[in-house]
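Chains, contacts and geometry: an overview
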Amino acid sequence: MSSSLIQNQGKSPKTRVVPFRRDEPGTQPDYFFPAYRATRLRAPSQPLIFLPHTLSEVTGPVFGHSDIHPNDRDLTLQHTGEPLGERIIVRGRVMDGNGRPVSNSLIEIWQANAAGRYAHAKDDHPAPLDPNFTGTGRTLTDKDGFYNFVTIKPGAYPWRNHENAWRPAHIHFSLFGPAFVTRLITQMYFPGDPLFAYDPILQSIPDERARQRLVSKFDLETTKPEWALGYRFDIVLRGHEETPFER
Ligand SMILES: [Fe+2]
């Protein structure tokens, strides 16, 4: 008998709690990874305490549709003109730890522009801002767990973590699964980027197969003729094929 069944024996359906699977060893970034400078300060100095999952962790939050505008998923339509750079489509499916699609999940993205500059007060990288590109978007997964964004391929940018440090091109993702413990923040990369080997954020994930789960795949099916290349990025919230996420 599984531990969850033992845990729930004799409880009414209202108080039964199904815990989520814990992470597979090696598939998530280490809290302390000295080459990634910020982890030296923020990594926990004490052993972690694993709290039991209770009703408040495995239910909610619930989002409505009303706050999301159709243009939120097309980052090239948010201003009067078109942004500069290579237009791309990013499409994928969100699944839970049992391979089931997660529908109605809120996905938010943020990214640098084609020149590698964020439209953010703290970004002082001497690359041009694009008045037609903010770099933020959001959408909900459909009934089969699929999402898609239209955007501009972001540029690499320097980040001062170490001498001559450059981040590979990436898009930040935040997802809400069916519960707070299934919130996931991660980064999607592009295939064949020469900066992968030099990036302590990607390299802080010990398992090579897990690292590869953060690299999108060129997808001819998503590519639109005469218009934009397509990339596929599937996300798994828990289980053996879990997408690495940020601590
Ligand atoms: Fe970034």
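As a starting point, this report considers the structure included with it. (Residues numbered from 1 in each chain as written. Predicted model: local features only at pLDDT ≥ 70, side-chain atom pairs only at ≥ 80, totals over all residues. Heavy atoms only, no water.)

**Brief notes about the coordination of the iron ion**
Every protein donor of the iron ion is accounted for by Y118 (OH), Y157 (OH), H170 (NE2) and H172 (NE2), and the metal-donor separations fall at 1.9 to 2.1 Å. Around the iron ion, the four donor atoms sit at angles spanning 92 to 158 degrees, and that spread fits a shape best called irregular. Read from N- to C-terminus, the donor residues coordinating the iron ion fall into the pattern Y-x38-Y-x12-H-x1-H. Placement of Y118 in the loop between strand 2 (106-110) and strand 3 (136-140) and of Y157 in strand 5 (residues 157-158) is noted, with a sequence separation of 39 residues between them. Relative accessible area serves as the criterion here: at 15%, Y118 is assigned to the buried category. (Donors = N, O, S within 2.8 Å, 3.2 Å for Na, K, Ca; no water. Tetrahedral: all angles 85-135°; square planar, octahedral: opposite > 155°, others 65-115°. Helix = DSSP H or I, 4+ residues; strand = E, 2+ residues; numbered from the N terminus. Buried < 20%, exposed > 50% of the residue type's maximum accessible area, 1.4 Å probe, protein only.)

**Considering the sheet that holds strand 2**
Read across the sheet, four strands follow the order 3-2-7-8 without closing on themselves; strand pairing throughout is antiparallel. Edge positions in the open sheet fall to strand 3 and strand 8 (184-189), since each of these has one partner strand only. Across this sheet, the average inter-strand angle for adjacent strands is 20 degrees, counted without regard to direction. (Pairing = 2+ DSSP bridges. Axes fitted to C-alpha atoms, helices over the stretch in contact; angles between N-to-C directions.)

**Some points on the side chain of D96**
Here D96 shows up in the loop between strand 1 (87-95) and strand 2. A polar atom in the side chain of D96 sits 2.8 Å from the backbone nitrogen of N98. Dropping the residues within four chain positions of it, D96 is found in contact with V102, V236 and R238. (Polar contact = N/O pair within 3.5 Å; in protein donor to acceptor, adjacent residues only side chain to side chain. Contact = heavy atoms within 4.5 Å.)

**Topic: a nonpolar patch on the surface**
A cluster of nonpolar side chains, namely Y31, F32, L48 and F50, defines an oily patch on the protein surface of about 440 Å² accessible area. Examined against the element boundaries, Y31 turns out to sit in the loop between helix 1 (3-8) and helix 2 (38-42). A residue is classified by how much of its surface remains accessible, and Y31, at 33% relative accessible area, is partly exposed. (Patch = residues over 30% accessible without salt bridge, like charges linked within 9 Å, V, L, I, M, F, W, Y side chains within 5 Å. Areas by Shrake-Rupley, 256 points an atom, 1.4 Å probe, with all protein chains shown as cover. Salt bridge = Lys/Arg side-chain N within 4 Å of Asp/Glu carboxyl O.)

**Notes on the nonpolar core**
Core analysis: the largest hydrophobic core is formed by 33 residues, its most contacted members being Y147, F173 and I235. Where this core is concerned, the elements lending two or more residues are strand 1, strand 2, strand 4 (146-152), strand 7 (170-175), strand 8 and helix 4 (200-203). (Core = buried A, V, L, I, M, F, W, Y, C linked by side-chain atoms within 4.5 Å.)

**Some words on unusual backbone geometry**
Phi is positive for R160, close to 60 degrees, though the residue is something other than glycine. Mapped onto the fold, R160 is located in the loop between strand 5 and strand 6 (166-167). The residue E226 is not glycine, and still its phi comes out positive at about 60 degrees. Here E226 is to be found in the loop between strand 9 (217-218) and strand 10 (229-232). Of the residues examined, E226 reaches a relative accessible area of 83% and is grouped as exposed.

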